[in-house]
Amino acid sequence: MKSTGLLITIFLFAGILASSAMADPSEPGDFTSSQFSKSGLCSNCHGSSFGEWDGSMHSNADIDFFYQAMLQEYGAAAEAQELPPEFCSRCHTPIGMVSAEIPPLDGSNLSEVAKEGVQCDFCHSIAESEGIGNAPYVLEPGGVKWGSRTDSESPSHETEAHEFYNESGYCGMCHNIYHPVNNLTLAATYTEWEESPYAEEGVNCQACHMTPGIVGFEENPGKAASTGPERAHVYTHYFVGANAFVTGIMGEGRHEKRAIEYLQHAAEIEVTAPDSAEPGENVEVEVEITNTGAGHKIPTGVTEDREMWLELIALDAEGKEIYHSGGLDSEGNIDPEATIYHTVFADSEGNPTVKVWEAESILSDNRIKPKSSVVEKHPFSMPQNASNPISVKAVLHYRSASQEHINELFGEGAYSVPVIDMATYPEEEKSTPGFGTAGTLIALSLGSFCKRHRKRRKA
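Thresholds, definitions, all that
Within any chain, residue numbers begin from 1 and follow the written order of that chain's sequence. Totals for whole chains, interfaces and linings use all residues, but because this is a predicted model, local features are given only for residues with pLDDT of at least 70 and pairs of side-chain atoms are given and counted only at 80 or more. The basis for the side-chain values is all heavy atoms of the structure; hydrogens and waters are excluded. The helix and strand labels rest on DSSP assignments: H or I over at least four residues marks a helix, E over at least two residues marks a strand, and numbering proceeds from the N terminus. Each residue is placed in one exposure class: buried if its accessible area under a 1.4 Å probe, protein chains only, is under 20% of its type's maximum, exposed if it is over 50%, and partly exposed if it falls in between. By definition in these notes, contact holds between two residues if any of their heavy atoms fall within 4.5 Å. Residue burial considers only the protein chains on display, and all accessible areas are found by Shrake-Rupley using a 1.4 Å probe. Two strands are counted as paired when DSSP detects at least two bridges linking them. Note on method: axes are straight lines fitted to C-alpha atoms, helices fitted across the in-contact stretch only, with angles between N-to-C directions ranging 0 to 180 degrees. The aromatic pairing rule takes the rings of Phe, Tyr and Trp, using the six-membered ring of Trp, and pairs them if the centres are within 6.5 Å, calling planes under 30 degrees apart stacked, those over 60 edge-to-face and the rest tilted. Counting of polar contacts relies on pairs of N or O atoms within 3.5 Å, with two restrictions inside protein: one atom must be capable of donating a hydrogen and the other of accepting it, and residues adjacent in sequence are counted only when both atoms are side-chain atoms. Patch rule: a residue counts if its relative accessible area is over 30% and it has no salt bridge; like charges are joined within 9 Å, and nonpolar side chains (Val, Leu, Ile, Met, Phe, Trp, Tyr) within 5 Å. When a carboxyl oxygen of Asp or Glu lies within 4 Å of a side-chain nitrogen of Lys or Arg, that pair is called a salt bridge. As used throughout, the charge tally considers Lys and Arg to be positive and Asp and Glu to be negative, leaving His and the chain termini uncounted. The location of each charge is read from NZ of Lys, CZ of Arg, CG of Asp or CD of Glu.

*Asks:* Talk me through the overall build of the chain; I want residue IDs and the actual numbers.
*Replies:* Broken down by element type, the chain carries 15 helices and 17 strands. Of all 459 residues assigned to the chain, the portion counted as buried reaches 49%. Across the chain, contacts joining residues at least 24 apart in sequence account for 67% of those joining residues at least 6 apart. If you sum the accessible surface of the chain, you get close to 21,400 Å²; carbon and sulfur atoms cover 52% of it.

Here's what the structure looks like:
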């Protein structure tokens, strides 16, 4: 009898452990928005962190006009195709989702705190996660705020340390996305990092996106709270990515500038080209593009809309254009012969689509892995009337969405998507961010080069 009682006790204890380890992700109706504090309250003690977050893409996650336009399209499709209406909102307005203020997707039922997007109290109420992707967070809002420090003390609330806050898996909750029905991978920034040399070296997401380092950890001395001690490092809360389009349109200049800076630290290009050729002779320019600064593929995220491409211009001695690839036409469309680095999804009929809820397969994905390179070869014939020496300019461009898609969503002329120059050869020839291709067409006065020349753009 004693052994039987002991076995029952063991089984009961094991059951308790199993049930506590298998908490379900928070769902609509689990909480009310009144259980969460607006971020302005946090600013009373955490002014620096609040100031960094304010205006970021996290703070604008729900009111981002581009996201909202796509969300309304998704809403119409969700109703017709029986897709979960709260799917996008799990990440973009998590408080609205768990408070069942979504749907409707027009935001008419959202509380003010839910409109703050990915905000302070939400992030610091995450007690644990049940995996990666599609936002499987487990929330415990209330008087305890979760974070990474074991020695935090606050006069306003209790604190609880969780090593999870120092791990990339925290970011991976939202930065992997799977189709809600067919489970197709729609975005995999976390997985791209997990499979990269950065993960092997112990460089996590926070090291680049929550410190001044951009391409690695850099200390940020200061106070995490106004009443707290001086610390060797306090994580920043800009959460910068590559979005200079939405931040720019919304007047968030600090975040726009930082996004451009991140883009310009992500890649390098090397060019190999002859400086002369005889009329009619075949010429080949070779450009190597290397992902030197991103711990994930470039571009990353929902890259069915994002575009990264190379523009190459060759001039003769008189400045006459003898070859041009990757330029934009008068309507902002990329040269169809250029290679665009992004993901192309296909719908059920095999047609390309930028509406991820329609995606059923991946037609192509040619993005560049961390610390990896691709080589583009550009052959052309030397024109009869061209004079030597040949000079070459190469620019790696990026924009958050195609101009064509933005025109379809908002009407022609509503928004101009800025083209950011990520890397330029020669390095000293850089166009102003936002002018992109127009800048490359400014008169080029490039000197003659050696017969074979190579130069690396330095981050």
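*Asks:* Which residues make up the sheet that holds strand E13 (residues 352-353), and what values go with them?
*Replies:* The strand order across the open sheet formed by three strands is E13-E12-E14, and the pairing between neighbours is antiparallel. The open sheet is flanked by E13 and strand E14 (361-365), the only strands paired with a single partner. Examined bridge by bridge, strand E12 (residues 343-346) and E14 share four bridges and lie antiparallel to one another. In the sheet register, Phe 345 faces E14, and the bridge partner there is Ile 362.

*Asks:* Outline the sheet that holds strand E15 (residues 373-381), listing residues and values.
*Replies:* Pairing is antiparallel in the open sheet, where three strands are placed in the order E7-E8-E15. Every interior strand has two partners, whereas the edge strands, strand E7 (267-272) and E15, have only one. Strand-to-strand twist in this sheet, taken as the mean axis angle between neighbours without regard to direction, amounts to 20°. Inspection of the sheet shows strand E8 (residues 282-291) paired to E15 by nine bridges, in the antiparallel sense. If you follow Val 285 over to E15, its bridge partner there is His 378.

*Asks:* Residue-level account of the packing of aromatic side chains, with values.
*Replies:* Evaluation of the coordinates by the stated rule reveals 16 aromatic pairs. Ring plane angle 40° and centroid distance 6.4 Å describe the contact between Tyr 74 and Phe 87, whose orientation is recorded as tilted. With a gap of 13 residues between them, Tyr 74 in helix H4 (residues 65-81) and Phe 87 in the loop between H4 and helix H5 (89-92) connect regions that are remote in the sequence. No difference in accessibility class separates Tyr 74 from Phe 87, as the two residues are buried. Ring plane angle 80° and centroid distance 6.4 Å describe the contact between Phe 245 and Tyr 415, whose orientation is recorded as edge-to-face.

*Asks:* Which residues make up the side chain of Asn 204, and what are the values?
*Replies:* Tracing the chain through its elements places Asn 204 in the loop between helix H10 (197-201) and helix H11 (205-209). Among the polar contacts listed, one links the side chain of Asn 204 to the backbone oxygen of Asn 166, at a separation of 2.8 Å. If near-sequence neighbours (up to four positions away) are discounted, Asn 204 is found in contact with Asn 166, Ser 168 and Trp 193.

*Asks:* Could you give me a rundown of a negative patch on the surface, with the residues and numbers involved?
*Replies:* Residues Asp 329, Glu 331, Glu 404, Glu 408 and Glu 412 make up a contiguous surface patch of negative charge. The topology assignment puts Glu 331 in the loop between strand E10 (321-325) and strand E11 (340-341). Since its relative accessible area comes to 52%, Glu 331 is described here as exposed.

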